[in-house]
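Here is what each chain is made of, one letter per residue.
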Amino acid sequence: MSRLVQARRLEGIDKNVWLEFVKLAATYPAVNLGQGFPDFPPPDFVKEAFMKAVGGGNIMLHQYTRAFGHPALVTILARFFGKLLGQELDPLTNVLVTVGAYEALFCCFQALVDEGDEVIIIEPFFDCYEPMVKMAGGTSVFVQLRPVFTREEMELIADLCVKHDVLCFSDEVYEWLVYDGKEHIRIASLPGMWDRTITIGSAGKTFSTTGWKVGWTLGPDRLLKHLRTVHQNSVYHCPTAAQEALAQAFQREFDSYGKPDSYFVQLSHELQQKRDWLVRSLVAGGMKPIVPEGTYFLMADFSEFKSEVPDVPDSDEPYDSRFIKWMIINKGLVAIPVSAFYSTPHKKNFDHLIRFCFAKEEATLKAAEDILQQWSLEKTGQ
Ligand SMILES: Cc1ncc(COP(=O)(O)O)c(C=O)c1O
């Protein structure tokens, strides 16, 4: 065949770090601190709300619901986030429910990036941003983040957006996972930003239900109406029962906002302890973790271990990726290479870092601790 079968926009974007490392994690008997999902259950009130939605007798919850978001869910999302953003949100025009934050991102890029547009991506980034920009015909421009992100820096970015009339897609799926008394700053709440920002959230990360795949976007109607066009011509409907259950869950969190029985408060408290546990294990094992103030991931410098896996200077594969493959097979521990979250020219500068997810049961963290301890003993010849 002389002609390529695939559309040109797919060229060069077929590789995906998750496909590769999720497969490896399933192939070997390994402790999985790779992909970002909790291995503990969602809270009871969330599970019960789902069971009630499915078995509670309302037969309409088994059928299609409103295409742009189940009425009960968009109503509470508008109330909840309206309060946090300092905006009166219209559930019908300022909220769009999507199949996870992933679809929300896809809608943003397809709806608002035109051929030839430049998209500034802050590194490290969620790896799908770059192929999504390419599929929309845009060009990615990368800006590296130093390991600090203060309110002043956010304000500077906001001022630049206003000054240069730039749109902002703000992926805030880890908004509730903030530690050490720090606060999450919503860029849409900064002066001049509401009208040019799309804020993206994920019920998967919010309620430890990544398999439900419910996400949302919040923003002004002038932007969201174009996301609705993409959504109605691709996915169209999201699962009704999951949306109903999440509406109940958000209502409960709305009523207990900031109180000790709030799941959001409890989750960040528990995850901070898990973070500290994994930090201790890594330090004791000889790695140098960077302690994060948010999300359920941390990066660790494994330079001390480089002698164990010989470098192949001319290899196309970044060193961290080869190191993790070796670690999965030989040590039974899964992580994700940090170079996957950098653009091609910058990957080399970060291939001494690997990423661990600490949203894991005690047993999983203990198993990881044991592996690191044993490894350290072997290294020192004890
Ligand atoms: C930064 C970021 N954005 C978006 C997503 C996708 O979220 P969802 O599972 O709701 O599609 C993830 C999932 O890992 C993520 O880490």
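Note that the structure is a prediction, hence the values are computed from the model and not measured. (Residues numbered from 1 in each chain as written. Predicted model: local features only at pLDDT ≥ 70, side-chain atom pairs only at ≥ 80, totals over all residues.)

(A) View of the overall build of the protein. Within the protein, the regular secondary structure consists of 12 helices and 12 strands. Overall, the protein is about 65 × 55 × 50 Å in size when its C-alpha atoms are taken along their principal axes. A burial count over the protein gives 39% of its 382 residues as buried. If you take every contact in the protein between residues at least 6 apart in sequence, the share linking residues at least 24 apart comes to 69%. (Helix = DSSP H or I, 4+ residues; strand = E, 2+ residues; numbered from the N terminus. Buried ≥ 20, exposed ≤ 12 C-beta atoms within 10 Å, placed from the backbone. Contact = placed C-beta atoms within 7 Å.)

(B) Structural detail: the UniProt feature "domain: Aminotransferase class I/classII large" (unreviewed entry) in the protein. The UniProt record annotates "domain: Aminotransferase class I/classII large" (unreviewed entry) at residues 31–146 and 148–367. In the segment residues 31–146, helix accounts for 41% and strand for 16%; the C-alpha atoms at its two ends are 30 Å apart. (UniProt positions renumbered as here; feature names shortened; annotations may be inferred.)

(C) Broad picture of the domain arrangement of the protein. Per the domain assignment, the segments making up the protein are domain 1 (8–41 + 262–379) and domain 2 (44–255). A straight line from the C-alpha centre of domain 1 to that of domain 2 covers 26 Å. If you look at the interface, domain 1 gives 26 residues, while domain 2 gives 23 residues. (Domains from an automatic or database assignment.)

(D) A look at the site of the ligand. Around the ligand, the structure places Gly-36, Gly-100, Ala-101, Tyr-102, Phe-126, Asp-171, Val-173, Ser-202, Gly-204, Thr-210 and Gly-215. If you tally residues by element for the shell around the ligand, the top one is helix α4 (residues 100–112), at three residues. Classifying every residue of the shell around the ligand gives four nonpolar, six polar and one charged. (Near = placed C-beta within 6 Å. Nonpolar A, V, L, I, M, F, W, Y, C, P; charged D, E, K, R; others polar.)

(E) The arrangement of the pairing of strand β2 (residues 95–98) in detail. Of the two faces of β2, the one carrying Val-95 and Val-97 and the one carrying Leu-96 and Thr-98 are both buried. Looking at chain direction, β2 and strand β7 (residues 215–218) are connected through four bridges and run antiparallel. The partner of Val-95 across the bridge, within β7, is Leu-218. (Pairing = 2+ DSSP bridges.)

(F) Structural context of the sheet that holds strand β9 (residues 297–301). Sheet architecture is open: four strands sit in the order β8-β9-β12-β11, paired in antiparallel fashion. Only two strands of the sheet have a single partner each, and these edge strands are β8 (288–290) and β11 (336–337). Inspection of the sheet shows β11 paired to strand β12 (residues 353–357) by two bridges, in the antiparallel sense. Residue Ile-336 lies in a different strand from β12, and its bridge partner there is Arg-355. Packing of helix α11 (residues 319–331) onto the sheet brings it into contact with β11 and β12, and relative to β12 it is tilted by some 50°. (Axes fitted to C-alpha atoms, helices over the stretch in contact; angles between N-to-C directions.)

(G) The sheet that holds β7, seen in detail. Pairing within the open sheet is mixed, and its four strands lie in the order β2-β7-β6-β5. Of all the strands in the sheet, the pair left with one neighbour each is β2 and β5 (168–171). Averaged over all neighbouring strand pairs, the angle between strand axes comes to 20°, with direction disregarded. Relative to β2, helix α3 (residues 71–85) is tilted by about 125°, and along the sheet it contacts β2 and β7. Sheet strands in contact with helix α8 (residues 221–232) are β2, β6 (197–202) and β7, and its direction is about 25° off that of β2.

(H) Expanded view of helix α2 (residues 44–55). Over its 12 residues, α2 runs 16 Å from end to end, which matches the ideal 16 Å to within 8%, given 1.5 Å per residue. Taken residue by residue, α2 has Val-46, Ala-49 and Ala-53 as its buried positions. All buried residues of α2 fall inside an arc of 60° around its axis, so they share one side. In α2, the exposed positions that point more than 90 degrees away from the buried face belong to Asp-44, Met-51 and Gly-55. Next to the buried residues of α2 lie α9 (240–255). In the segment just after α2, Gly-57 is the residue with positive phi, at about 100°. (Expected span 1.5 Å × (residues − 1). Arc of directions from axis to C-beta.)

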